[in-house]
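# Examination of the molecular architecture
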Amino acid sequence: MGQVNQKQAANVAIWLLLLTAPVWMGWIGGYTELGSRVLVNALAAMGLNILLGYTGVLSFGQAAYFGLGAYGTAMTIKYLVPSTMVGMVVGVLIGTAAAALIGPLIVRLRGVYFAMVTIAFGQVFYFITFRWYTVTGGDDGVNNWYRQPIDLGFVKLDILHSGVLFYYFILFFFAISLLLMAFVLRSPFGRTLLAIRENERRARFLGIPVERHIWLSFVISGFFCSIAGTLYALLNNFVDPRSLYWGLSGNFVIMAVLGGMRSFWGPLVGAVIFVVLQDYVSSMTENWESFIGLFFVLVVLFFPRGVLGIIRRRVTS
Amino acid sequence: MTLLKVENASRHFGSLVAVDKVSLNVEEGELRAIIGPNGAGKTTFFNLISGLVTPTAGKIIFKGEDVTHLLPARRVWRGMARTFQITEIFPELTVRENLRIPVESAAGFRLSAWMSRAADEEVQARVAELMQMCALDDKADRLVGELSHGDQRATEIMMALALKPSLLLLDEPTAGMGDQETYDITRLIRKLHKDQKLTIVLVEHDMRVVFHLADRIMVLAEGAMLAEGTPDEIAKNELVQAAYLGKAA
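What counts, and at which threshold
Residues numbered from 1 in each chain as written. Chains lettered and ligands numbered in written order. Predicted model: local features only at pLDDT ≥ 70, side-chain atom pairs only at ≥ 80, totals over all residues. Helix = DSSP H or I, 4+ residues; strand = E, 2+ residues; numbered from the N terminus. Rg over C-alpha atoms; globule rule 2.2 N^0.38 Å. Contact = placed C-beta atoms within 7 Å. Buried ≥ 20, exposed ≤ 12 C-beta atoms within 10 Å, placed from the backbone. Nonpolar A, V, L, I, M, F, W, Y, C, P; charged D, E, K, R; others polar. Core = buried A, V, L, I, M, F, W, Y, C linked by C-beta atoms within 7 Å. Pairing = 2+ DSSP bridges. Axes fitted to C-alpha atoms, helices over the stretch in contact; angles between N-to-C directions. Right-handed = clockwise from strand over helix to strand, strands pointing away. pLDDT = per-residue confidence, 0-100. Expected span 1.5 Å × (residues − 1).

## A look at the overall build of chain A
Along chain A, the regular secondary structure elements total 14 helices and two strands. Relative to its length of 317 residues, chain A is compact, with a C-alpha radius of gyration of 19 Å against a globular reference of 20 Å. Over its C-alpha atoms, taken along the principal directions, chain A stretches across nearly 50 × 45 × 45 Å. Partitioning the intrachain contacts of chain A with sequence separation of at least 6 by distance along the chain shows that 72% fall at a separation of at least 24.

In structure tokens, the structure reads:
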């Protein structure tokens with residue numbers, strides 16, 4: 001029972017910290033938009049972690065679904081309907097549909113081959129947005145549009161001009177996504193993913209159709225990555241092809257591994273470290289990536305279970 | 001009724017003939033042992049039955065249905081369950097979780113994102129029952145990867161049983177076990193066979209186990225069937241003595 005209580009206490013603490021972030025971030029030298037960026041990246045890294053930490057397959061192409069979500073939102077708001085919610089729905093549909101279509105082509109691959117082909121498909125989407133200038137604006141991206149206020153009937157939320165309000169807007173979708181994610185991962189279906197991660201042959205011989213379940217895991221992961229992508233577009237009021245680039249996929253992998261891919265909250269911890277380090281170090285040197293790289297190497301070498309892995313070991317021993 | 005029928009199954013790996021036109025009939029409720037010297041093709045034959053490897057020629061018929069080209073998971077859905085010579089378990093999950101996954105799979109919850117409280121309680125009761133059967137209940141929340149070899153083998157057999165199979169395939173269930181563990185596992189298999197009338201096919205090296213358990217024995221040598229019969233018949237068979245028991249003695 002002690003362990004269960006500890007877990008619950010940790011959950012409550014994390015949610016409280018996230019809910020009060022706009023208040024305390026200023027005290028430690030942060031700012032609200034930094035918090036928004038952490039949430040967006042954390043959601044994408046947690047989405048990726050459904051594949052990496054829970055199913056045991058490494059995708060290096062989740063930025064594609066993130067970026068498609070972002071483009072779907074941006075282009076809908078700019079060209080079709082000036083509505084934040086419609087833009088989000090379209091973005092998520094496009095990102096998830098792409099993952100559903102690409103999935104069957106890769107579910108038979110494993111290990112390095114799986115990773116390489118996910119990169120390859122990710123880069124296909126990247127080059128399409130990069131080259132198809134007349135539609136996507138190519139390298140210039142999609143600009144000159146803004147996230148729109150949300151009209152709830154009784155109150156209008158001006159998420160464009162209030163950074164704090166927009167933080168809570170993101171936190172709302174982050175929370176719903178995490179509830180869904182926890183629900184799926186703790187279900188019988190979620191356990192079949194663990195089974196595949198632990199021992200694919202055993203899973204097969206327990207009657208689990210492994211390929212179909214990896215496909216589902218890929219679609220679910222793409223769904224959450226595209227939600228993160230739509231929020232990313234709204235956050236910047238801008239998207240460009242870098243949001244689909246495989247380097248960004250790599251960042252999500254780094255966040256998940258850094259924080260601890262075997263724990264639910266690991267990728268959030270990784271995203272905090274990554275985004276804050278990026279923000280802080282990049283204000284001092286252009287070579288911020290080498291600092292993150294060095295930090296990453298040290299963590300992987302000495303704490304292969306990530307930051308949360310260390311904490312967990314301390315707690316249980 | 002014939003539960004499993006293998007008709008002239010062969011498997012070639014390049015120029016190597018691992019299994020050569022082997023046929024087998026297993027009746028419902030029977031315990032059949034497959035023995036043979038190292039490299040006789042026992043494990044390959046097992047893999048043909050369970051679907052890990054597809055035969056180059058021949059047929060596998062299970063419950064009257066041709067399953068020769070069915071994927072392993074689909075054979076499991078039809079009532080086949082197997083263990084492996086080298087234990088295949090979920091090392092970083094607890095004993096309870098290891099058993100919960102097959103129980104849920106067999107109950108058709110593979111794709112469920114939700115299950116009712118009643119269903120959940122039923123699953124937990126079944127898991128508890130399985131753990132009790134082989135005295136794993138006091139290790140329920142330990143990671144399987146940390147348990148002794150014997151307990152890991154027992155867990156794997158329980159995982160196969162959790163599927164409620166009509167045919168249980170055991171590939172060297174006592175491999176690498178000490179005397180006490182071998183005794184325990186043998187007693188468990190005997191109990192499953194006698195009390196639950198479970199149909200079992202097993203590959204085994206330990207002759208004490210084979211002659212103690214089996215209703216009928218099939219002897220493989222160099223990929224082909226050498227002899228078949230009751231334990232008494234096999235013990236008296238001169239061909240078998242020459243090819244197999246003779247060498248061992």
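## Remarks on the overall build of chain B
Within chain B, the secondary structure is distributed over nine helices and 10 strands. Against the globule reference of 18 Å for 249 residues, chain B gives a C-alpha radius of gyration of 18 Å, in line with a compact fold. Taken along its principal axes, the extent of the C-alpha atoms in chain B is 60 × 40 × 35 Å. In chain B, which comprises 249 residues, the share counted as buried stands at 43%.

## Section: the interface of chain A and chain B
With 19 residues of chain A at the contact, the number on the chain B side is 26 residues. Among the secondary structure elements, those contributing two or more residues to the side of chain A that touches chain B are α7 (163-185), α8 (188-198) and α9 (200-204) of chain A. The leading source of residues in the side of chain A that touches chain B is α8 of chain A, at seven residues. Counted by class, the side of chain A that touches chain B contains 10 nonpolar, four polar and five charged residues.

## Quick word on the nonpolar core
It is characteristic of soluble globular proteins that their nonpolar side chains tend to be buried jointly. Residues and elements named next belong to chain A. Counting 160 residues, the largest nonpolar core has Leu43 and Ala228 as its most contacted members. The leading source of residues in this core is helix α10 (residues 210-236), at 15 residues. The contacts of Ala228, once residues within four sequence positions are left out, are Val40, Leu43, Ala44, Gly47 and Phe66.

## Let's talk about the sheet that holds strand β6 (residues 80-82) of chain B
Residues and elements named next belong to chain B. In spatial order, the strands read β6-β7-β8-β3-β9-β10; together these six strands make up an open sheet with mixed pairing. Edge strands, defined here as strands with exactly one partner in the open sheet, are β6 and β10 (224-229). The sheet shows a mean angle of 15° between the axes of neighbouring strands, direction not considered. When strand β7 (residues 167-171) meets strand β8 (residues 199-203), the two strands line up parallel, connected through five bridges. Within β8, the residue paired with Leu169 across the bridge is Val201.

## Quick notes on unusual backbone geometry
Within the chain, Asn237 of chain A stands out as a residue other than glycine whose phi angle is a positive 50°. C-beta crowding within 10 Å serves as the criterion here: with 15 such atoms nearby, Asn237 of chain A is assigned to the partly exposed category. For Glu172 of chain B, which is not glycine, the phi torsion reads 45° and is therefore positive. Given 21 C-beta atoms within 10 Å, Glu172 of chain B falls into the buried group.

## A look at the sheet that holds strand β2 (residues 16-27) of chain B
Strand pairing in a sheet is mediated by backbone hydrogen bonds. Such pairs are either parallel or antiparallel. Residue and element names in this part refer to chain B. An order of β2-β1-β4-β5 is seen for the four strands of this open sheet, with the pairing classed as antiparallel. Whereas interior strands pair on both sides, the edge strands pair on one side only; in this sheet they are β2 and β5 (65-66). Pairing geometry for strand β4 (residues 57-62) and β5, over two bridges, is antiparallel. Looking at β5, one finds that Phe62 is bridged to Glu65.

## Points about the pairing of β8 of chain B
Residue and element names in this part refer to chain B. Most of β8 sits out of view: five of its five residues are buried. Side-chain alternation along β8 places Thr199, Val201 and Val203 on one buried face and Ile200 and Leu202 on a second face that is also buried. Note that the unit made of β7, helix α6 (residues 179-195) and β8 has a crossover that is right-handed.

## Considering α8 of chain A
Note that an α-helix has 3.6 residues per turn; residues three or four places apart therefore point the same way. Of all 11 residues making up α8 of chain A, 11 are buried, and the element is well covered by its neighbours. Every buried residue of α8 of chain A is accounted for by Pro188, Phe189, Gly190, Arg191, Thr192, Leu193, Leu194, Ala195, Ile196, Arg197 and Glu198 of chain A. At its buried positions, α8 of chain A is contacted by α2 (32-55), α7, α9 and α10 of chain A together with α3 (95-106) of chain B.

## Focus on the environment of Leu167 of chain B
All names here are of chain B. Summarising the element assignment, Leu167 is placed in strand β7. For the pair Leu167 and Asn98, spaced 69 residues apart in sequence, the C-alpha to C-alpha distance is 20 Å. Not counting residues up to four positions away in its chain, the partners in contact with Leu167 are Leu3, Leu4, Gly79, Met80, Thr199 and Val201.

## Thoughts on the pairing of strand β9 (residues 216-221) of chain B
Moving residue by residue along a regular strand, the side chains alternate between the two faces of the sheet. Residues and elements named next belong to chain B. Direction of pairing for strand β3 (residues 31-35) relative to β9: parallel, over a ladder of four bridges. Of the residues in β9, the one forming a bridge with Ile35 is Val219. For β9 and β10, the ladder comprises five bridges, and the chain directions are antiparallel. Following the sheet pairing, Val219 is matched in β10 by Ala227. Where β9 hands over to β10, the hairpin turn is made up of two residues, of which Glu222 adopts a positive phi near 50°.

## A look at the confidence of the model for chain B
Taken over all residues, the pLDDT of chain B has a mean of 93, while the share at 70 or more is 98%. Overall fold confidence for the complex sits at a pTM of 0.94, while the interface term, ipTM, reaches 0.93.

## Let's talk about the environment of Ser283 of chain A
Inspection of the secondary structure puts Ser283 of chain A in the loop between α12 (266-282) and α13 (288-302). For the pair Ser283 of chain A and Ile28 of chain A, spaced 255 residues apart in sequence, the C-alpha to C-alpha distance is 16 Å.

## Thoughts on helix α3 (residues 62-80) of chain A
A rise of 1.5 Å per residue sets the reference length of α3 of chain A, with its 19 residues, at 27 Å; its end C-alpha atoms lie 26 Å apart and thus fit the reference within 8%. Most of α3 of chain A is tucked away, with 16 of its 19 residues classed as buried.

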